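Results of the structural survey
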Amino acid sequence: MLNVYYVKELPSTNDYLKDHYKNLPNFSSCITSFQTRGKGRMGRSWVGNKDENIALSILIKEKINVDMIEQITLAVACTVHKFLSCFVNDIKIKWPNDLLVNNKKICGILTEGISLGDKVEAIIIGIGINVRQKNFTMDLQDTTTSISKETNRNLFPMPLAIELAGKLQMDIKLFLDNKLDYLTYMKNNLYGLGELVSFYEGLNIHQGIIEGILTDGRIIIRENQTKKYIRSGEIKIIRK
Ligand code: BTN
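Now for a quick tour of the structure. Predicted, not measured: the structure shown is a model, and the values here were computed from it. (Residues numbered from 1 in each chain as written. Predicted model: local features only at pLDDT ≥ 70, side-chain atom pairs only at ≥ 80, totals over all residues. Heavy atoms only, no water.)

Summed over the entire model, instances satisfying the criterion amount to 14 salt bridges. Notably, a salt bridge pairs E112 with K18, separated by 3.0 Å at the nearest N-O pair. One end of the pair, E112, is in strand β7 (residues 104-116); the other, K18, is in helix α1 (residues 13-20), and 94 residues separate them in sequence. Here E112 falls in the buried class, since its relative accessible area comes to 17%. Here K18 falls in the partly exposed class, since its relative accessible area comes to 30%. Its salt-bridge partner being K39, residue E112 comes within 3.1 Å of it at the nearest N-O pair. Highlighted residues: E112 in strand β7 and K39 in the loop between β2 (29-35) and β3 (53-60), separated in sequence by 73 residues. A single network of salt bridges, built from pairs that share partners, joins D15, K18, K39 and E112. (Salt bridge = Lys/Arg side-chain N within 4 Å of Asp/Glu carboxyl O. Helix = DSSP H or I, 4+ residues; strand = E, 2+ residues; numbered from the N terminus. Buried < 20%, exposed > 50% of the residue type's maximum accessible area, 1.4 Å probe, protein only.)

As structure tokens, then:
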């Protein structure tokens, strides 16, 4: 069964599930036509026009280890990639969880855990997809795209969001049963594979070549003769 809660306008679909998770069934999804305080990674905000985009969050109420959060997020990025590839060509998965077309962001993912002791009691995965928004603010216009910008198709976000919620539920169940080979998929669609990137390790900035992804979700970057395994952060491609 698919539980999808639609609320016309919300501060954030992630926060809605966080506030109500105790009373909601496992794999409930929340979607809205407009977020007034959408959240991005690293404390950033996520903004989008009303009725033009997908803001969707899914609740996973399973006791899982904290170190599974990165992997489940990668698995979700693959599901969204597969889904969006029905509409847009050449989407890349930028580790850890952005989807890019021609170097521009079409989708961002924010995973948040609700902890009890050292166990995660629930996880909320929020997905923002730019669907039919064509005009972005100055600070975003060079780095952001949407389905309609890439294809000129004017798709309605809500039916897409409901379909995606079903696919996410299916794939997350497979992931939890250890039956989803998302790593091969990820590697085949990884942004910057074999390319020179800059990345942070602690406070220090490094450069190296992306070599792949480990089974635990860490990205492998070769810096001279040393391999680095990075768990979280952001990478930036250096094109000379
Ligand atoms: C990022 O790229 O920084 C992550 C963006 C995640 C945005 C989505 S939209 C639905 C859900 N609700 C939020 O407040 N954020 C996520």
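Attention now goes to empty space enclosed by the protein. In the structure shown here, the tally under the stated rule is 1 cavity of 30 Å³ or more. Counted as a void, the largest cavity has a volume near 120 Å³. Along its surface, the largest cavity is lined by T32, S33, F34, Q35, W46, V47, G48, N49, N53, I54, A55 and N130. Secondary-structure elements contributing two or more residues to the lining of the largest cavity are β2 and β3. With 4 residues, the top contributor of residues to the lining of the largest cavity is β2. A per-class count over the lining of the largest cavity returns 5 nonpolar, 7 polar and no charged. (1 Å grid on protein atoms, 1.4 Å probe; cavity = no way out; pocket = protein on both sides within 12 Å on 5 of 7 lines; lining within 4 Å. Points joined across faces, edges and corners; volume = space filled by probe spheres on them. Nonpolar A, V, L, I, M, F, W, Y, C, P; charged D, E, K, R; others polar.)

Before going further, it helps to examine the sheet that holds strand β9 (residues 196-201). The antiparallel open sheet is built from 5 strands, whose spatial order is β12-β11-β10-β9-β13. Single-partner strands in this sheet number two, and they are β12 (226-230) and β13 (235-237). Strand-to-strand, the axes of this sheet are offset by a mean angle of 45 degrees, without reference to chain direction. (Pairing = 2+ DSSP bridges. Axes fitted to C-alpha atoms, helices over the stretch in contact; angles between N-to-C directions.)

Right, let's talk about the site of the ligand for a bit. In the neighbourhood of the ligand, 20 residues make up the surrounding shell, with S12, Q35, K39, R41 and K105 lying closest. Here an oxygen atom of the ligand sits 2.8 Å away from a polar atom, N or O, in the side chain of S12. Contact distances for the ligand include 2.9 Å between a nitrogen atom and a side-chain N or O atom of Q35. For the ligand, whose accessible area on its own is 420 Å², the fraction buried by protein is 99%. More than half of the atoms of the ligand fall within 2 Å of the grid points belonging to the largest pocket. Residue assignment for the shell around the ligand shows that the elements contributing at least two residues are α1, β3, β7 and β8 (119-130). (Near = heavy atom within 4 Å. Polar contact = N/O pair within 3.5 Å; in protein donor to acceptor, adjacent residues only side chain to side chain. Areas by Shrake-Rupley, 256 points an atom, 1.4 Å probe, with all protein chains shown as cover. Sits in = over half its atoms within 2 Å of the grid points.)

Reported here for the largest pocket is a volume of approximately 780 Å³. What lines the largest pocket is a set of 35 residues, and nearest its centre among them are R44, W46, D98, K105 and L140. For the lining of the largest pocket, the elements supplying multiple residues, two or more each, are α1, β3, β6 (98-101), β7 and β8. Tallied by class, residues from the lining of the largest pocket come to 11 nonpolar, 15 polar and 9 charged.

Here the focus is the packing of aromatic side chains. In total, this model carries 2 aromatic pairs according to the counting rule given. Geometrically, the ring pair formed by F83 and F87 is edge-to-face, given 5.7 Å between the ring centres and 75 degrees between the ring planes. Judged by relative accessible area, which is 18%, F87 ranks as buried. Ring geometry for F175 versus Y182: centroids 5.7 Å apart, planes at 55 degrees, classification tilted. Owing to a relative accessible area of 7%, Y182 belongs among the buried residues under this scheme. (Phe/Tyr/Trp six-rings, centres within 6.5 Å; stacked < 30°, edge-to-face > 60°.)

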